Amino acid sequence: MPPPADIVKVAIEWPGAFPKLMEIDQVSACVWSLANHDQYALQHADSSNFYITEKNRNEIKNGAILRLTTSPAQNAQQLHERIQSSSMDAKLEALKDLANYSRDVTFAQEFINLDGISLLTQMVESGTDFGDMLSFTLTAFVELMDHGIVSWDTFSVAFIKKIASYVNKFASDISILQRSLAILESMVLNSHDLYQKVAQEITIGQLIPHLQGTDQEIQTYTIAVINALFLKAPDDKRQVSCWEMANILAQKQLRLIILTHVIRAQRAINNEMAHQLYVLQVLTFNLLEDRMMTKMDPQDQAQRDIIFELRRIAFDAESEPNNSSGSIEKRKSMYTRDYKKLGFINHVNPAMDFTQTPPGMLALDNMLYFAKHHQDAYIRIVLENSSREDKHECPFGRSSIELTKMLCEILKVGELPSETCNDFHPMFFTHDRSFEEFFCICIQLLNKTWKEMRATSEDFNKVMQVVKEQIMRALTTKPSSLDQFKSKLQNLSYTEILKIRQSERMNQEDFQSRPILELKEKIQPEILELIKQQRLNRLVEGTCFRKLNSRRRQDKFWYCRLSPNHKVLHYGDLEESPQGEVPHDSLQDKLPVADIKAVVTGKDCPHMKEKGALKQNKEVLELAFSILYDSSGQLNFIAPDKHEYCVWTDGLNALLGKDMLSDLTRNDLDTLLSMEIKLRLLDLENIQIPDAPPPIPKEPSNYDFVYDCN
């Protein structure tokens, strides 16, 4: 008879004795049978040292090693006293233990109940600690605050000034600087009042020297603080922050430093730097939001002068008419003619073309930048189209306005960054005016595509759709520079786009005849089995997942992988993102596949039903899934990207004998079916396949033609 499900075999160790193998009941652990049991507790003997509590004792697994130790309350009381010791050595050892134990929420709650946070802040404010002692103090503070038990609004200006002083000292200890940056980021992200106080103590410009160092973690934390300061800036200070960030990003040396991080982030797996670079890219583009949402005032002479400058550059300032009685009407007529050549919809008052938001004044800014910095290309496009009389001219003004609007949609200008996305484009870190240069490349592409399509004004929307497809296809290749992006577009001419579309259409149409459909139906199970094996193999390799916490930072990781025999899921916490596969034996926890009851996704996940910021984030919801096991057990995931989400949900469903329903499976099935059918039909190339099988001929009148071997 198998043992009850609640009974597990574990090794328990305690001071002065060898570890002892025992059977314990998850429902009523053995500590409760001891005298003075409230003074003792069990904790995991691994590096985590987490306590066994009422909430998590049903997660104890067979083979776990536990330690009998003092209770969290007793331990918290002892450490609270030890960190106030007059002996420097004893105090240092106590702070080291505190930093380690503070990761456990059970201990953290007890220590916080003793007003431990206030004690730590007083120690920091006093300024008497330094070196390792200060480092452990800040580490314990960060770990305790990460549990979300204490509000960030409770800290004094003196504490903020002290933390900021550690950041402003460039020669500060690396570990102290790292913790200080983490604290400042959390303050800014979690409290509006603290943002105001932090912003008074430290500016984006003061953070820049830390980007020029060699420690990648410091550089990552620095970019995170810069992102936080910009992200949480109130509306009245947002414009100042915009200009400050724009001036900083205009520095060539800084762009080279960031570009170095871009290269590292591209090579790394699940790199926090990649996420911070993505956030920096989004916030940089959000600098454009103000201009994008600003309408042009047709009565504003300064704004009208910009349009006149566009006309002057294009037509080389034709001689002004004499200021005579008839010159005003003549001048108006000439301006109207020129504005029509420039491609504006409103020839009389082109300022009216910029009253729609988006793109607002941003479109005019782009046009002026193109005219001044790429003058030859600008003049060529305008004159080339204004000289046509066959209705095939490309309206530069209208095209620029619609293109700017399209680019804002593609780059999601004005949207807040996702908490999980790492999708950044390296080329935007190679130029101080990357968006304007991006526009200049795309407006020349639009003019080129217009000519290739021999388009007229009625084809305007069709041209814009083709241009958008060209841009999107080039961006998916993640070009490393704007020149490389331009080169990619050269290979995506209108003719090439037609070939791609035709190929995709033929792949769909050719496989709709009855014989092909029957062949697909026959080989589909074989293809699905191949996809299933690939998914399971990926689960065996495993994936590193991020832990999202209250600070929005994603600097904690855990790893999960399937055993080679497909019977057990191994998982456990990691100190940092791995560079390769993590061995099974280094993952502390196990979950038998036979115990899995269901796999749920999105809003049905337990960790998505909890209150918090994650509930409101659509992108996080789309990457969330959970494994439900036993009566109330759960293993919660947030995939690093959509591809990993599909791989894991498919693989888990395959383990449970359910259908794989993800978009990735559908795409893989279509691709593999198409390839397999093409291979099988190679011998029938250029032969029309009939929709119905050929008729069976009538039987012959005799079989005399059959040779009798006997």
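Further up the page is the structure itself.
Residues numbered from 1 in each chain as written. Predicted model: local features only at pLDDT ≥ 70, side-chain atom pairs only at ≥ 80, totals over all residues. Heavy atoms only, no water.

### A look at the overall build of the protein
Each helix and strand counted, the protein has 29 helices and 11 strands in total. Going through the 710 residues of the protein one by one, you find that 46% of them count as buried. (Helix = DSSP H or I, 4+ residues; strand = E, 2+ residues; numbered from the N terminus. Buried < 20%, exposed > 50% of the residue type's maximum accessible area, 1.4 Å probe, protein only.)

### Observations regarding unusual backbone geometry
A cis amide bond links Thr 357 to the next residue, Pro 358, at an omega of -15°. Note on placement: Pro 358 falls in the loop between α16 (327-341) and α17 (361-373). One non-glycine residue, Asp 115, lies in the positive phi region at around 65°. Relative to the helices and strands, Asp 115 resides in the loop between α3 (105-113) and α4 (116-126). Asp 115 sits in the partly exposed class, given a relative accessible area of 47%. The phi torsion at Lys 412 lies on the positive side, around 55°, for a residue other than glycine. If you trace the backbone, Lys 412 turns up in the loop between α19 (396-410) and α20 (434-453). We classify Lys 412 as partly exposed; its relative accessible area is 45%.

### Focus on the nonpolar core
Generally speaking, soluble globular proteins have nonpolar side chains that are buried together. One finds Ile 83, Leu 98, Leu 120, Phe 141, Ile 183 and Met 187 to be the most contacted residues of the largest nonpolar core, which totals 73 residues. Residues contacting Ile 83, with those up to four places away along its chain left out, are Lys 91, Ala 94, Leu 95, Leu 98, Phe 111, Leu 119, Leu 120 and Met 123. Grouped together as the second largest cluster of nonpolar side chains are 67 residues, Ala 363, Val 413, Phe 460 and Val 463 included. (Core = buried A, V, L, I, M, F, W, Y, C linked by side-chain atoms within 4.5 Å. Contact = heavy atoms within 4.5 Å.)

### Let's talk about the sheet that holds strand β10 (residues 624-629)
Overall, antiparallel pairing links the 3 strands, which are arranged β9-β10-β11 in an open sheet. Taken across any chain shown, the strands that pair with only one partner, and hence form the sheet edges, are β9 (596-601) and β11 (633-638). Adjacent strand axes in the sheet meet at a mean angle of 15°, parallel and antiparallel pairs treated alike. Of the strand pairs in this sheet, β9 and β10 are connected by 5 bridges, and their pairing is antiparallel. Residue pairing in the sheet places Val 599 in a bridge with Ile 627 of β10. (Pairing = 2+ DSSP bridges. Axes fitted to C-alpha atoms, helices over the stretch in contact; angles between N-to-C directions.)

### Quick notes on the packing of α20 against helix α21 (residues 460-475)
Remark: α20 packs on α21, axes separated minimally by 10 Å, with the N-to-C direction vectors making an angle of 130°. Taken together, the axes of α20 and α21 are oblique relative to one another. As α20 runs across α21, the sense of the crossing is right-handed. Where α20 approaches α21, its residues Phe 438, Cys 442, Leu 445, Leu 446, Thr 449, Trp 450 and Met 453 are matched on the opposing element by Phe 460, Lys 462, Val 463, Met 464, Val 466, Val 467, Gln 470, Ile 471 and Leu 475. Grouping the amino acids of the contact of α20 with α21 by side-chain chemistry returns 13 nonpolar, 2 polar and 1 charged. (Parallel < 35°, antiparallel > 145°, perpendicular 65-115°, else oblique. Left-handed = near helix turned anticlockwise from the far one by under 90°. Nonpolar A, V, L, I, M, F, W, Y, C, P; charged D, E, K, R; others polar.)

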